[in-house]
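Residue-level structural notes
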Amino acid sequence: MVEIHCKDFRVFTFSFKFSPLGEDKSVVNAILHHAFPTQLPLLFAFSFNPSQHIVSNNTHSPAIAMIKGRKLNQRHFREARDWDQEMTRLGAKKLRVTLANQDFKISDSLPEYFVVPSCLTDNEVNNAADHFVEGRVATWCWSHKNGSSLFRMVSLRPDTVHNQYERRMLEAIKSTNPNDLPSVTIDMDRHCPSVSTIQGSFKKLKELCMPDSTKDFLSGDNKWYCDLDTTKWLQCVR
């Protein structure tokens, strides 16, 4: 029997009582192959590539047609046109796709193409990137129908003294608002818990929601809400 505990707290149990001899070993090896890969190409996403299945199979089955249609309609934001389509969908104005990060020249943790205020030139983006942590300049995320937009930007590098680049980014963000309203800046480092805090809270929540036995469940059932509060998970996701 194999019992799989998922990150979303679901538990799947598989019995191999009536399976052919050795089938359980093959399944376990397949799970270990994807759950604990020793190399990056062994990740599940590399094995499940719809385009490869389409090329290798010339049949015109409904499944292939569905994959083709989904592939055409789904945006992965790896190309400039994906961002153009998203801006059109949201009715975003005064924005454009920058090519400053082609071949990941300024940041390897940002997409190769991303959206910035249209008043910023690629040269300004290139110059500013040197002064931000990991080169992560202001990038557009989403726009509301009233014209307000959501941007994200990291802080300046500790060793930089050129804070005019940050001011320039904030001025450019303000220029995208059709009503010329002041920007609201939220320091996420101050208002959000750290990654280690979230990981620790999630681990406690998982232990609470997935007891090892019925005995553990019954012994903690009468103080479940108290234990839930001590995990501090609700404070993390509020």
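Residues numbered from 1 in each chain as written. Predicted model: local features only at pLDDT ≥ 70, side-chain atom pairs only at ≥ 80, totals over all residues. Heavy atoms only, no water.

**Describing a nonpolar patch on the surface**
Among the surface-exposed residues, Val28, Leu32 and Phe36 lie close enough to one another that they form a single nonpolar patch of about 290 Å² accessible area. Following the sequence through the fold, Leu32 ends up in helix α1 (residues 23–35). When its relative accessible area of 42% is taken as the criterion, Leu32 is described as partly exposed. (Patch = residues over 30% accessible without salt bridge, like charges linked within 9 Å, V, L, I, M, F, W, Y side chains within 5 Å. Areas by Shrake-Rupley, 256 points an atom, 1.4 Å probe, with all protein chains shown as cover. Salt bridge = Lys/Arg side-chain N within 4 Å of Asp/Glu carboxyl O. Helix = DSSP H or I, 4+ residues; strand = E, 2+ residues; numbered from the N terminus. Buried < 20%, exposed > 50% of the residue type's maximum accessible area, 1.4 Å probe, protein only.)

**Describing the side chain of Thr231**
Within the secondary structure layout, Thr231 lies in helix α11 (residues 224–231). Owing to a relative accessible area of 5%, Thr231 belongs among the buried residues under this scheme. Within the structure, the side chain of Thr231 is placed 2.5 Å from the backbone oxygen of Leu228, a separation counted as a polar contact. Once residues lying within four places of it in the same chain are set aside, the contact partners of Thr231 are Ser201, Lys204, Leu205 and Leu208. (Polar contact = N/O pair within 3.5 Å; in protein donor to acceptor, adjacent residues only side chain to side chain. Contact = heavy atoms within 4.5 Å.)

**A word on unusual backbone geometry**
Leaving glycine aside, a negative phi is the common case for residues, and trans is the common case for peptide bonds. Even without a glycine there, the phi angle at Phe77 is positive, about 60°. Within the fold, Phe77 resides in the loop between α4 (62–73) and α5 (80–90). One non-glycine residue, Asp103, adopts positive backbone phi at about 60°.

**Quick notes on the pattern of salt bridges**
Here the idea is simple: oppositely charged side chains can pair when their charged atoms come close. According to the stated counting rule, one finds 8 salt bridges in the structure shown. Glu86 is the salt-bridge partner of Arg75, the closest N and O atoms lying 3.0 Å from each other. Here the residue Arg75 occupies a position in the loop between α4 and α5, and Glu86 occupies one in helix α5, the gap between them amounting to 11 residues. A relative accessible area of 26% means that Arg75 is categorised as partly exposed. Measuring nitrogen to oxygen at the nearest pair gives 2.8 Å for the salt bridge that ties Glu86 to Arg89. Of this pair, Glu86 and Arg89 both sit in helix α5, 3 residues apart, roughly one helical turn. Since its relative accessible area comes to 53%, Arg89 is described here as exposed. Connected via shared salt-bridge partners are Arg75, Glu86 and Arg89.

**Section: the confidence of the model for the protein**
Summary statistics for the protein give a mean pLDDT of 86 and a share of 89% for residues scoring 70 or more. Predicted confidence for residues 53–57 stays below pLDDT 50, and this span has 5 contacts to residues more than four positions away or in other chains. (pLDDT = per-residue confidence, 0-100.)

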